[in-house]
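Structure at a glance
Letter by letter, the chains look like this.
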Amino acid sequence: MKRLGLIISLFLLVVLSAPPEVWAIAGPLDNCPQAPDNTQINTAIGCIPTDFGGLLGEFFTFGTGIGGGIAFLLILFGGFQILTSAGNPEQLNAGKELVVSAISGLLMIIFSVFLLSVIGVDILGLPDFTR
């Protein structure tokens, strides 16, 4: 019980001793620091571009990150399933299939980003298609 009280006290000390600039939140109409020409809107989830190409690029970046994170978690879960199979061949094969499927999905994500970059930037010449 003393340990929990000490942890809570230290947490409150760190949080409350932070300078006020840390807690300052920009308003929704403030300009984003990376966009001086007002092509982005400051929202609760960050600066979002107002043009279609920039918004599509942000969507692809977000989707790629989510897909990679899910593939990583599936690889971890498949490895855990293999480690805890305890000689059960069905569970061992299920873990192997999960790891192989997650790696192949991750490779598909990587190659799709590469293919979109080649088509969008190199062939079509779209300037802000990928970052």
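To start, this report covers the structure provided alongside it.

Some words on the environment of A102
Examined against the element boundaries, A102 turns out to sit in helix α4 (residues 89-123). Separated by 26 residues in the primary sequence, A102 and L76 place their C-alpha atoms 9.7 Å from one another. With residues near it in sequence (within four places) discarded, A102 still touches A71, L74 and I75.

Focus: the packing of helix α3 (residues 52-83) against α4
The geometry of α3 relative to α4 is characterised by a closest axis approach of 8 Å and an angle of 160 degrees between their N-to-C directions. Judged by the inter-axis angle, α3 sits roughly antiparallel to α4. Here α3 runs over α4; the crossing is left-handed. When its residues are assigned to classes, the contact of α3 with α4 shows 16 nonpolar, eight polar and one charged.

Observations regarding the packing of aromatic side chains
According to the stated counting rule, one finds one aromatic pair in the structure shown. The interplanar angle of 50 degrees and the centroid separation of 6.2 Å between the aromatic rings of F59 and F60 together place this pair among those described as tilted. On the basis of relative accessible area, F59 is assigned to the exposed category, the value being 55%. What makes F60 partly exposed here is its relative accessible area of 32%.

With respect to the side chain of S85
Relative to the helices and strands, S85 resides in the loop between α3 and α4. Residue class for S85 comes out buried when judged on its relative accessible area of 9%. A polar side-chain atom of S85 sits 3.0 Å from the main-chain carbonyl oxygen of I82. Once you skip the residues sitting within four places of it in the chain, S85 turns out to touch Q91 and L92.

Considering α3
Taking 1.5 Å of rise per residue, the 32 residues of α3 would be expected to cover 46 Å, and the 46 Å separating its terminal C-alpha atoms lies within 8% of that figure. Restricting attention to buried positions, one finds in α3 the residues G54, G57, G67, A71, G78 and Q81. Where α3 is buried, its residues contact β2 (46-49) and α4.

Topic: α4
Taking 1.5 Å per residue, 35 residues should reach 51 Å; α4 reaches 49 Å between its end C-alpha atoms and fits that length. Those residues of α4 that sit buried are G95, V99, A102 and G120. On its buried face, α4 is in contact with α3.

Calculation rules
- Here the residue numbers are simple positions, counted from 1 along each chain's written sequence.
- Reporting in this predicted model follows two pLDDT cut-offs: at least 70 for local features of residues, and 80 or more for side-chain atom pairs to be given and counted; totals over whole chains, interfaces and linings ignore these cut-offs and use all residues.
- Only hydrogens and water are removed before side-chain values are computed, so all heavy atoms of the structure are retained for them.
- Secondary structure elements follow DSSP: runs of H or I no shorter than four residues count as helices, runs of E no shorter than two count as strands, and numbering proceeds from the N terminus.
- Contact criterion: two residues are considered in contact whenever any of their non-hydrogen atoms come within 4.5 Å of each other.
- Only the stretch in contact is used when a helix axis is fitted, and all axes are lines through C-alpha atoms; the angle between N-to-C directions ranges over 0 to 180 degrees.
- Small angles under 35 degrees read as roughly parallel and large ones over 145 as roughly antiparallel, with 65 to 115 read as roughly perpendicular and the rest as oblique.
- By convention the crossing between two helices is left-handed if the near helix lies anticlockwise of the far one by an angle smaller than a right angle, and right-handed if it lies clockwise.
- Residue classes follow a fixed rule: Ala, Val, Leu, Ile, Met, Phe, Trp, Tyr, Cys and Pro count as nonpolar, while Asp, Glu, Lys and Arg count as charged, and any other residue, Gly among them, counts as polar.
- Pairing of aromatic rings covers Phe, Tyr and Trp, the last through its six-membered ring, and needs centres within 6.5 Å; plane angles under 30 degrees mean stacked, over 60 mean edge-to-face, and all others mean tilted.
- Three exposure classes are used, based on accessible area relative to the maximum for each residue type with a 1.4 Å probe and protein chains only: buried under 20%, partly exposed in between, and exposed over 50%.
- Nitrogen and oxygen atoms within 3.5 Å of one another constitute a polar contact, given that in protein one can donate a hydrogen and the other can accept it, and given that sequence-neighbouring residues count only through two side-chain atoms.
- How far a helix is expected to stretch is found by multiplying one less than its residue total by 1.5 Å.

Don't take any of this as a statement about function, it's just geometry.
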